[in-house]
Amino acid sequence: MSTPSYLTGLIGSGIGPSLSPALHEREADRHGLRLLYRTLDLDTLGVAAESVGDLIAAARTLGFDGLNITHPCKQLVIPHLDELSSGAAELGAVNTVVFRGGRAIGHNTDVTGFTQSFARGLPGAATRQVVQIGAGGAGSAVAHAMLSLGTDLLVLVDTDPARSGALAEALDARFGAGRATTATPDELAAVLSGADGLVHATPTGMAAHPGLPLPAGLLRADLWVAEVVYRPLETELLRTARELGCRTLDGGGMAVFQAADAFRLFTGLAPHAEEMLADLADLVGAAAV
């Protein structure tokens, strides 16, 4: 009997350092599968983000089983797909495409990835009022996840008020009026004073964007802090929060669980999420050496 094989990949900009190929290929090895995961980097290929449709068409022709989609193509890819899952349609963004029966079907595993990570890493955390910094692509997925988890009021803080306002409107339309609102960075101290938790969803804290996304003095011990950045796993925000005694959640869980959900969509097989979490820690540690 021949070994099942899969051809998958990732479309995005600046994705050379991505850990997705190793995460997916290691998980395939555990299942005894042949899985090849290729990066289709817009920068390396010298094409614009608007060329994502051409890449989808080429992947379909070449017999790809699926693709992950990342910045800046999560919304641009939608017109080039035949169908969207209900979650991707509600979010208006796609991070996983599955090719089945000649059709390209868009999914979003960012929301489920963060939801699983939060439930696992911060069990029992209060979510009456949560402040979220960042309303971009990752922020949109995380915001939907937080309201799905039962957050009563989500306060979106972004340097672009039009972006945070549009996201708040979309959230209210889906979850009910008054579930999401916005605040300016200048109002962060006031909204955090009454919050149970803080979600950070901007690139600040990554190796190329070091630093804190807010003044350290605004953190307090009874505030939980969740991070989307996973390289490094311990950002300056998480380190500062832990030193104050805050419960914290790093971005590794979201990265792994969204990859695990994508692997399930690609192969139809149940992923080994705990082993994939160990893989991520190993890969991040190796990259830091």
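Model, not experiment: these values are computed from the prediction. (Residues numbered from 1 in each chain as written. Predicted model: local features only at pLDDT ≥ 70, side-chain atom pairs only at ≥ 80, totals over all residues. Heavy atoms only, no water.)

Draft legend 1. Inspection of the sheet that holds strand β9 (residues 180-183) at higher detail. Pairing within the open sheet is parallel, and its six strands lie in the order β9-β8-β7-β10-β11-β12. Pairing within the sheet leaves two strands with one partner each, and these edge strands are β9 and β12 (248-249). Most of the contacts of helix α7 (residues 161-175) go to β9, to which it runs at about 165°, and overall it touches β8 (153-157) and β9. (Pairing = 2+ DSSP bridges. Helix = DSSP H or I, 4+ residues; strand = E, 2+ residues; numbered from the N terminus. Contact = heavy atoms within 4.5 Å. Axes fitted to C-alpha atoms, helices over the stretch in contact; angles between N-to-C directions.)

Draft legend 2. The arrangement of the packing of helix α1 (residues 20-31) against helix α10 (residues 252-267) in detail. It is at 10 Å that the axes of α1 and α10 come closest, and there the two elements cross at 55°. As the angle between them shows, α1 and α10 are arranged oblique. Once α1 is placed against α10, the crossing between them reads as right-handed. Across the interface between the two elements, Leu23, His24, Glu27, Ala28 and His31 of α1 pack against Ala259, Ala262, Phe263 and Phe266 of α10. Taken together, the residues that form the contact of α1 with α10 break down as six nonpolar, two polar and one charged. (Parallel < 35°, antiparallel > 145°, perpendicular 65-115°, else oblique. Left-handed = near helix turned anticlockwise from the far one by under 90°. Nonpolar A, V, L, I, M, F, W, Y, C, P; charged D, E, K, R; others polar.)

Draft legend 3. View of the UniProt feature "binding site: NADP(+)" (unreviewed entry) in the protein chain. This chain's UniProt record puts "binding site: NADP(+)" (unreviewed entry) on Gly134, Ala135, Gly136, Gly137, Ala138, Val228 and Gly251. Along the polypeptide, Ala135 turns up in the loop between β7 (129-133) and α6 (137-148). For Ala135, a relative accessible area of 5% corresponds to the buried category. The contact partners of Ala135, leaving out residues within four places of it in the chain, are Asp158, Arg163, Ser164 and Leu167. Of note, Ala138 is situated in helix α6. (UniProt positions renumbered as here; feature names shortened; annotations may be inferred. Buried < 20%, exposed > 50% of the residue type's maximum accessible area, 1.4 Å probe, protein only.)

Draft legend 4. Inspection of the UniProt feature "active site" (unreviewed entry) in the protein chain at higher detail. When the UniProt feature table is mapped to this numbering, "active site" (unreviewed entry) covers Lys74. Position of Lys74 among the secondary structure elements: in the loop between β3 (66-69) and β4 (83-84). Among all residues touching Lys74, those that are not within four sequence positions of it are Ile69, Ala93, Val94, Asn95 and Asp110.

Draft legend 5. Focus on the pattern of salt bridges. With the rule as written, the count across this model stands at 15 salt bridges. A salt bridge links Glu274 to Arg120, with the shortest nitrogen-to-oxygen separation between them at 3.2 Å. With a gap of 154 residues between them, Glu274 in helix α11 (residues 273-288) and Arg120 in helix α5 (residues 110-121) connect regions that are remote in the sequence. Residue class for Glu274 comes out partly exposed when judged on its relative accessible area of 48%. The class for Arg120 is partly exposed, based on a relative accessible area of 47%. Put simply, Arg264 and Asp261 hold a salt bridge, and the shortest N to O gap is 2.9 Å. Highlighted residues: Arg264 and Asp261, both in helix α10, separated by three residues, approximately one helical turn. One network of salt bridges, in which partners are shared, links Arg26, Glu27, Arg30, Asp279 and Asp282. (Salt bridge = Lys/Arg side-chain N within 4 Å of Asp/Glu carboxyl O.)

Draft legend 6. Just the environment of Trp224, in detail. Assignment of secondary structure puts Trp224 in strand β11 (residues 224-227). The spatial distance from the C-alpha of Trp224 to the C-alpha of Pro185 is 19 Å, given a sequence separation of 39 residues. Not counting the four nearest positions on each side in its chain, Trp224 is found in contact with Phe118, Leu122, Ala125, Ala126, Thr127, Val130, Met146, Asp196, Gly197, Leu198, Val199 and Arg247. A polar atom in the side chain of Trp224 sits 2.8 Å from the backbone oxygen of Ala126. (Polar contact = N/O pair within 3.5 Å; in protein donor to acceptor, adjacent residues only side chain to side chain.)

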